Amino acid sequence: MDTTTVQAKSVIATDIGTTITRSLLFDVVSGRYRFIAGGSAPTTAGAPDFDVTEGIWRSLEELQFITGRTLLSEKEGIIIPSTQDSQGADIMVATMSAGNPISVVTVGLLENVSLQHARHLAQTSYSKIIAEISINDRRSATERINLLSRSRPDLIIIAGGTNEGASQSLLSILESIGLSSFMMDENQRPHILYAGNENLQDEVKAGLDKISSLHIVPNIQPVLGKESIFPAQKEINEIYKDVRKKQTGGLRQVLSWTEGNFTSTAFALGRLIRFLSEKYEPEKGVLGVDVGSDATVLAAAFHGQETLRVFSNLGVGGGAAGVLEKSSLEEIKRWLPIKISDNALRDYIYNKSIYPGSLPTEADHLEIELALAKQALLEAARDTIPNLEKQLDSTGTLLPPLEPIIGSGRILTNAPKRYQSLSVLLDGLQPTGVTTLALDQNGLLPGLGAAAEVNPLLAVQVIESNTFLNLGTVIAPTGIARPGTPILRVRVLREDGRNITRDIKYGSLTILPVEMGEKVSLHLRPLHRFDVGMGGPGKSGKVNAVGGAMGIIIDARGRPLQFYPDEEKNRKRNEMWRKTYQKYT
Amino acid sequence: MTSKVKHLHSLTSIKRERVLPVSGNMLVRRMQKVSPTDVIVVAPMAPEFILLDIAQGLNITPARADELLQRQAGDDLVKGDIIAGPLGIFQRVIRAPEAGQVKIAGEGKVLFEINKAPYELQAGMEGTVTNIIPERGAIIETRGALIQGVWGNGKITYGVIQPVSNDLLQELIPEQLNISFRGTIITAGFCRNPEVLDVAGNIPIKGMILGSMSAGLIPLAKKADYPIMVIDGFGTHPMNRAAEAILVANKDKNVALNAQIYDPFQGSYPEAIITQSTTKDLNPPPESEALKPGKQVIIISGPLASRIGTIERLFPHKRTIPSGISTWTAEVSFKNEESTEVPLTNLEIIKA
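Residues numbered from 1 in each chain as written. Chains lettered and ligands numbered in written order. Predicted model: local features only at pLDDT ≥ 70, side-chain atom pairs only at ≥ 80, totals over all residues. Heavy atoms only, no water.

### Observations concerning the overall build of chain B
Under the convention used in this document: Per the convention used, a helix needs a DSSP run of H or I reaching at least four residues, while a strand needs a run of E reaching at least two, with both numbered from the N terminus. Exposure classes here rest on a 1.4 Å probe applied to the protein chains alone. A residue is buried below 20% of its type maximum, exposed above 50%, and partly exposed in between. Two residues qualify as a contact provided that any one of their heavy atoms is within 4.5 Å of a heavy atom in the partner residue. Methods summary: accessible areas were calculated by the Shrake-Rupley approach with a probe of 1.4 Å, and residue burial reflects only the protein chains presented.
For chain B, the helix and strand inventory stands at 5 helices and 29 strands. Counting only C-alpha atoms, chain B reaches 95 × 50 × 45 Å along its principal axes. The burial tally for chain B puts 51% of its 352 residues in the buried class. Sequence-distant contacts in chain B: of pairs separated by 6 or more residues, those separated by 24 or more amount to 60%. When the accessible surface of chain B is split by element, carbon and sulfur atoms take 48% of a total near 16000 Å².

### Quick look at the sheet that holds strand β6 (residues 91-96) of chain A
All names here are of chain A. Formally: If DSSP finds at least two bridges between two strands, the strands pair. Lines fitted to C-alpha atoms define the axes, with helix axes restricted to the stretch in contact, and inter-axis angles between N-to-C directions lie between 0 and 180 degrees.
Strand order in the open sheet made by the 5 strands is β3-β2-β1-β6-β12, with mixed pairing throughout. Edge positions in the sheet fall to β3 (32-42) and β12 (262-264), since each of these pairs with one other strand and no more. Each strand axis lies, on average, 20° off the axis of its neighbour in the sheet, ignoring direction. Along the sheet, helix α1 (residues 52-67) contacts β1 (11-16), β2 (20-29), β3 and β6; its crossing angle with β3, the most-contacted strand, is approximately 125°. Packing against the sheet, helix α6 (residues 230-247) makes contact with β6 and β12, and its axis sits at approximately 105° to β12.

### A look at unusual backbone geometry
It is generally the case that most residues other than glycine have a negative phi and that most peptide bonds are trans. The step from A:Arg559 to A:Pro560 runs through a cis peptide bond, and the omega angle for that step is -15°. Along the polypeptide, A:Pro560 turns up in the loop between β24 (552-555) and α17 (567-584). A positive phi angle, near 80°, is found at B:Ser306, a position not held by glycine. Tracing the backbone shows B:Ser306 in the loop between β23 (296-299) and β24 (308-314).

### Brief notes about the interface of chain A and chain B
Applied cut-off: Note on definitions: buried area is the accessible-area loss of two parts on being combined, 1.4 Å probe, summed for both. Take a side-chain nitrogen of Lys or Arg and a carboxyl oxygen of Asp or Glu: if they are within 4 Å of each other, that pair is a salt bridge. Polar contact is the term for a pair of N or O atoms within 3.5 Å; when the atoms are in protein, one must be able to donate a hydrogen and the other to accept it, and sequence-neighboring residues count only if both atoms are side-chain atoms.
Counting residues at the interface gives 45 residues for chain A, matched by 52 residues for chain B. Each partner contributes to the roughly 3900 Å² buried at the junction of chain A and chain B, and carbon and sulfur atoms together form 60% of this total. Taken together, the links from chain A to chain B amount to 2 salt bridges. Two residues, B:Lys109 and A:Glu175, come together in a salt bridge whose shortest N-O distance is 2.8 Å. Counting every contact that joins chain A to chain B gives 16 residue pairs in polar contact (both at pLDDT 80 or more).

### Some thoughts on the domain arrangement of chain B
Note the following rule: Domain extents, as shown, originate in an automatic or database domain assignment.
We note that the domain assignment places domain 1 (2-14 + 142-275), domain 2 (48-114) and domain 3 (291-350) within chain B. Using C-alpha coordinates to define each centre, domain 1 of chain B is positioned 52 Å away from domain 2 of chain B.

### Here we look at the domain arrangement of chain A
Residue and element names in this part refer to chain A. Taken domain by domain, chain A consists of domain 1 (11-98), domain 2 (102-246) and domain 3 (266-584). Computed over C-alpha atoms only, the centres of domain 1 and domain 3 are separated by 30 Å. On the domain 3 side, the residues contacting the 17 residues of domain 1 number 22 residues. When the two sides are added together, the surface that domain 1 and domain 3 hide from each other amounts to roughly 1600 Å², 69% of it contributed by carbon and sulfur.

### Notes on the side chain of A:Thr248
Structurally, the position occupied by A:Thr248 is in the loop between α6 and α7 (251-257). The contacts of A:Thr248, once residues within four sequence positions are left out, are A:Ala45, A:Val52 and A:Met96.

### Comments concerning the pattern of salt bridges
Throughout the structure, instances matching the rule amount to 41 salt bridges over all chains. A:Asp242 serves as the salt-bridge partner of A:Lys246, at 3.4 Å between the closest nitrogen and oxygen. Highlighted residues: A:Lys246 and A:Asp242, both in helix α6, separated by 4 residues, approximately one helical turn. Relative accessible area serves as the criterion here: at 22%, A:Asp242 is assigned to the partly exposed category. Across the pair B:Arg313 and B:Glu331 runs a salt bridge whose closest N-O atoms are separated by 2.9 Å. Linking B:Arg313 in strand β24 with B:Glu331 in strand β27 (residues 329-333), this pair joins segments that are 18 residues apart in sequence.

### Side note on the pairing of strand β19 (residues 486-494) of chain A
Residue and element names in this part refer to chain A. Pairing of β19 with strand β20 (residues 500-505), which is carried by 6 bridges, proceeds in the antiparallel orientation. Bridge pairing links Arg-489 to Asp-503 in β20. Linking two consecutive strands that pair antiparallel, namely β19 and β20, is a turn of 5 residues; a positive phi of about 85° is found at Gly-497 within it. Both β19 and strand β22 (residues 519-526) contribute to a ladder of 7 bridges, which runs antiparallel.

### Some details on the environment of B:Glu98
All names here are of chain B. Structurally, Glu-98 is set in the loop between β9 (92-95) and β10 (100-106). Along the sequence, Glu-98 and Phe-112 sit 14 residues apart, while their C-alpha atoms lie 9.2 Å from each other. Setting aside its immediate chain neighbours within four residues, Glu-98 contacts Val-78, Lys-79, Phe-112 and Ile-114.

### Let's talk about the packing of helix α8 (residues 265-279) of chain A against helix α15 (residues 445-454) of chain A
All names here are of chain A. The line we're drawing: Orientation is classified from the angle alone, with under 35 degrees giving roughly parallel, over 145 giving roughly antiparallel, 65 to 115 giving roughly perpendicular, and any other angle giving oblique. Polar here means any residue outside two lists: the nonpolar Ala, Val, Leu, Ile, Met, Phe, Trp, Tyr, Cys and Pro, and the charged Asp, Glu, Lys and Arg; Gly therefore counts as polar.
Two elements in contact, α8 and α15, have axes whose closest approach is 7 Å; the angle formed by their N-to-C orientations is 75°. In terms of orientation, α8 and α15 fall into the roughly perpendicular class. Counted together, Thr-265, Ala-268, Leu-269, Arg-271 and Leu-272 of α8 and Leu-445, Pro-446, Leu-448, Gly-449, Ala-450, Ala-452 and Glu-453 of α15 form the full contact between these two elements. Grouping the amino acids of the contact of α8 with α15 by side-chain chemistry returns 8 nonpolar, 2 polar and 2 charged.

### Let's talk about the side chain of B:Gln162
All names here are of chain B. Along the chain, Gln-162 turns up in strand β16 (residues 155-163). When its relative accessible area of 14% is taken as the criterion, Gln-162 is described as buried. Discounting chain neighbours no more than four positions away, the residues touching Gln-162 are Phe-181, Thr-184, Ile-185, Ile-186, Thr-187, Lys-251 and Asp-252.

### Considering the sheet that holds strand β11 (residues 109-114) of chain B
Pairing is antiparallel in the open sheet, where 4 strands are placed in the order β6-β11-β10-β7 (chain B). Edge positions in the open sheet fall to β6 (48-53) and β7 (76-77) of chain B, since each of these has one partner strand only. Here β10(B) pairs with β11(B) via 6 bridges, running antiparallel. The residue of β11(B) that forms the bridge with B:Gly100 is B:Ile114. Sitting on the sheet, helix α3 (residues 141-151) of chain A touches β6 and β11 of chain B, and the angle it makes with β6(B) is about 150°.

### Concerning the packing of aromatic side chains
Applicable threshold: Stacked, edge-to-face and tilted are the three classes for Phe, Tyr and Trp ring pairs, Trp counted by its six-membered ring, which pair at centre distances within 6.5 Å; planes under 30 degrees apart are stacked, over 60 edge-to-face, the rest tilted. Criterion for a charge above a ring: Arg CZ or Lys NZ at most 6 Å from the ring centre, at most 35 degrees from the ring normal.
As enumerated under the stated definition, the model contains 8 aromatic pairs over all chains in all. Measuring from ring centre to ring centre gives 5.7 Å for A:Tyr350 and B:Phe234, while their planes differ by 65°; the resulting arrangement is edge-to-face. Pair noted here: A:Tyr350 is in helix α11 (residues 342-354) and B:Phe234 is in strand β19 (residues 228-234), and the two residues belong to different chains. The pair formed by A:Tyr350 and B:Phe234 is uniform in burial state, with each residue classed as buried. Ring plane angle 70° and centroid distance 6.2 Å describe the contact between B:Trp151 and B:Phe234, whose orientation is recorded as edge-to-face. Here the residue B:Trp151 occupies a position in strand β15 (residues 151-152), and B:Phe234 occupies one in strand β19, the gap between them amounting to 83 residues. Comparing B:Trp151 with B:Phe234 shows no difference in burial state: the two are buried. Through successive ring pairs, a cluster of aromatic residues spans A:Tyr350, B:Trp151 and B:Phe234. Over the ring of A:Phe563 we find A:Arg334; its NZ or CZ atom is 3.9 Å from the centre of that ring. Directly above the aromatic system of B:Phe315 lies the positively charged group of B:Arg319, at a separation of 3.9 Å from the ring centroid.

### Remarks on the packing of α8(A) against helix α16 (residues 456-464) of chain A
Each packed pair of helices is defined by two parameters, the angle between the axes and the distance between the axes. All names here are of chain A. Applicable threshold: Put simply, a crossing is left-handed when the front helix is turned counterclockwise from the back one by less than a right angle, and right-handed when it is turned clockwise.
Direction vectors running N to C along α8 and α16 enclose 65°, while the axes themselves pass 12 Å from each other. Considering their axes alone, α8 and α16 lie roughly perpendicular with respect to each other. The crossing of α8 and α16 is right-handed. Note on element contacts: α16 touches α8 through Pro-456, Ala-459, Val-460, Ile-463 and Glu-464, opposite Leu-272, Phe-275, Leu-276 and Lys-279. Class assignment for the residues of the contact of α8 with α16 results in 7 nonpolar, no polar and 2 charged.

What follows is the structure in structure tokens.
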């Protein structure tokens, strides 16, 4: 049977996460691609199995049980391509986020310029920067060689110089890289990604090509002040695959099943968000977030211009302690509606890091995990916003208009109540203007992103089939006022005439009871020059909206959200917000 | 559902791979008996290089510097040996700054590696070398008691076990520590007082095995000169009964304590091994097993963390637990005939 990608119909998409491996089945139903079902199992990348295929096999066994469709054969493994009697699937794609981050040394000319671009590039994958080298770090060539020899990175990213810019300084650093790599065992030599001054590419090739695995990509800073990461980002994904292949048991088998259609989960997420940005509202961007066990990923795109950031060791499982290390106990506590001692909170966070697959048994423990997710998103958004293609204002602290914002990750999809998922996205990201918060309830984003490469039609049709759960339309005015000051008049015009009018006060959180799927027209009249995304401060406007699982949410709590210095006041306010949500559910 | 097996065994077969990430020289052979402090492989883990710019040093062109080179890659030198020169009226030369080896020479430069004491990888346990991993390390096998932990401060030692009290359920307090614990590996229920770590370091003890430890002590524990291993997790839980029984039964015996940093992707767990001579035929314990009725389990998370019980039944459908999450659960009974419902994700099998 011919199984070229164009003719392929059924697709298995497997995502190997840190704690869970999930396999999804997509197939054609009534002439259109649909998500059929998903199966999951604990990931087996680490101890005791050290073989990812075990977890994949178990997730497919569950998928097989749920769908009643035979996908596995004891003799032949995963049945690809599908047989005449509809066993198996035509194509398999896979994504992966499990594993320790790849270790990276970034090299640039200046700390705040090329080194910063190199950092951004490293952050497009699951990486950990273990050392940085620049011309103004005052290290001698000997010190650089010793630093590189001892840190033994998986990857060295070299940036620096505009295409017509400096060359000698960079060449002197390249010599240290070449010598240190040459001194390593051949099978331990790092990948070297050169993304600097293009005029030096020939010299780089002559000096490093025979020593290490050299990758040359277009300059990530072709002219001063402009960052152009995307071509290099693709190459980082290829390097990620190669490093993982060497480190992870069973991955060669996965590459064989997928015929190489394997990518990092973050890269696949970025691809899908880019894809959606070309499909949805042209004047707004699209944001996808994945709050994982070990890492948090943000992918934003405006007209196909993508910004992808992976925050390794910032998650709600193995990365829980990383959230505490990047922020503080006080900052995590600010999100809690419960009373808990510092010691108990710290102990819970570190226990979660050593037992990432464990579930919170008590309601208070779930609140801690939700607070961790909010803080992880807040930290990730804070680092990402200044690098987005569009900015709300010159401060670079708030998200620009986005439509929609899609959240994924077990903490969001497994939350018992929808308001819990919504509050993580709302508090962690603090969107502005009018936007829709959606939930990737079936964990399809990475799978669709991976499948889009081989079958774009599948991604389009599955997305069009209302695959994401609409949590609600959010209206978040920005501006300055005293708490309690009316800042917005909202009129909700319903098709049945049961209109709602509300005066919204600064500092409040209001939920308008609009049924799931109900189409309404919103008339927004901001006061005191507040901005609701209708074209500027004080501008009124109409917008069509659809009720979500949490109706329509008016978040007038301020941007960025301010906290009390007093812990108890914050706790009481969180309790009040929780009650506001609970009234609606 | 399959669960990881938490290794708490009073007697089992233990097989460990001890390897370096870089090539080195092997010092053991197959079937050799080793003690924990025996070195099995040595290697330059943190090599130190010096890049000598001969051309710049002699103020000549790189081509001329190459003509004056007296050494080539691979040459061993002692401090002061001439590398390049002599040049000019003053017979200027470049000498070896330390004893070492020329690694690369050419284009007016020499990369020189200074001789340094190599890193010595110790066996870390008593046992027999059953296999050699060429240039990297060895596989060592033994029989004895094994206690696996979840957190370690990265240090390793070998010494006599000394429980601080008759049961290991209580908090370790500074008043309990005295000079009689000098040079021993102490064991206790839990620790939350930073003073304990200081007092223990001043005695000094050789190592510390705890059921649990307050996470606030992590920075201090990392700085401690002695290894610290935490068996169950962070907080103030008493030590689990299976580990307690093994440690109390082996009082005054030698334990190899490897408080290595826990890394599930590498499969490295902190652990304590107490080698025992036995003629029993033992198989290595499984690394994972299916959770099913009759299996002994330890609860790893929640208010009952570190308690050991037996699975009475697995619920056939997902159930809603007090947090509101819907998940697969099991009924677990304890020795006092109480029972509780626990998510399967919060259980690990033990085969004590």
